[in-house]
Amino acid sequence: MLIAKKEAPAAKVYFENGDKVVGMIAVNVQLLIYTDKLESIKGILSECENAFKQESKLTCIVVSSDSFDVIESFVSDNSIIKIEFYKDSQSQFKTRFKIKDESIGVFLVDKEGILEYVYYGDSASLDTKNIIQNAVELANRKQKGHTHENWMM
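Given the structure is predicted, the values throughout are model-derived calculations rather than measurements.

Peer 1: Explain the environment of Ser-123 to me, please; I cannot follow it from the model alone.
Peer 2: Mapping Ser-123 onto the fold places it in the loop between β7 (115-121) and α4 (128-140). Separated by 31 residues in the primary sequence, Ser-123 and Gln-92 place their C-alpha atoms 22 Å from one another. If we skip the residues at most four places from it in the chain, Ser-123 touches Ser-40, Ile-41, Ile-44 and Ile-104. Here the side chain of Ser-123 touches Ser-40 through a polar contact of 3.4 Å, landing on its backbone oxygen.

Structure follows, in structure tokens:
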């Protein structure tokens, strides 16, 4: 299991036209959610979609082992716009983020690629409101000191 305050692993995930690496230094704070089946976390994703519509400094990424067709149908049927969806085609995300079978994983990663929050378990015991609140606070937190980008300028 991964623990908070450590560097997040990077994993390559896929969409129909290419791939993306998630979990490392990024422009926005990343809320990463993994599930084997999107339908099992439909309520959680609905809450995230509604909460993050106004948050430009936060990226919500859902990684699933569902097929591209299932992902596309899920997004369309649920009118999801703000959340990015990817397929874990090579199980790289599940392996690198140490997710056990039949569980979900939720990871809050700051702009520097550090894990701020880690959750493994089932959707029933997930405190979605608390995760959303922490994600929004982290996204709006003023950075102390210099950042890599500032140092390079």
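Peer 1: Any chance you could explain the pattern of salt bridges here in plain terms?
Peer 2: If charged atoms from side chains of opposite charge come close, those side chains can pair. Under the definition given, this model contains five salt bridges. Glu-116 is the salt-bridge partner of Lys-5, the closest N and O atoms lying 2.6 Å from each other. With a gap of 111 residues between them, Lys-5 in the segment before β1 (11-15) and Glu-116 in strand β7 connect regions that are remote in the sequence. A relative accessible area of 57% places Lys-5 in the exposed class.

Peer 1: Is there a simple way to explain the packing of aromatic side chains in this structure?
Peer 2: Summed over the entire model, instances satisfying the criterion amount to seven aromatic pairs. Aromatic ring contacts, followed pair by pair, group Tyr-34, Phe-93, Phe-97, Phe-107 and Tyr-120 into a single cluster.

The rules behind each value
Residues numbered from 1 in each chain as written. Predicted model: local features only at pLDDT ≥ 70, side-chain atom pairs only at ≥ 80, totals over all residues. Heavy atoms only, no water. Helix = DSSP H or I, 4+ residues; strand = E, 2+ residues; numbered from the N terminus. Contact = heavy atoms within 4.5 Å. Polar contact = N/O pair within 3.5 Å; in protein donor to acceptor, adjacent residues only side chain to side chain. Salt bridge = Lys/Arg side-chain N within 4 Å of Asp/Glu carboxyl O. Buried < 20%, exposed > 50% of the residue type's maximum accessible area, 1.4 Å probe, protein only. Phe/Tyr/Trp six-rings, centres within 6.5 Å; stacked < 30°, edge-to-face > 60°.

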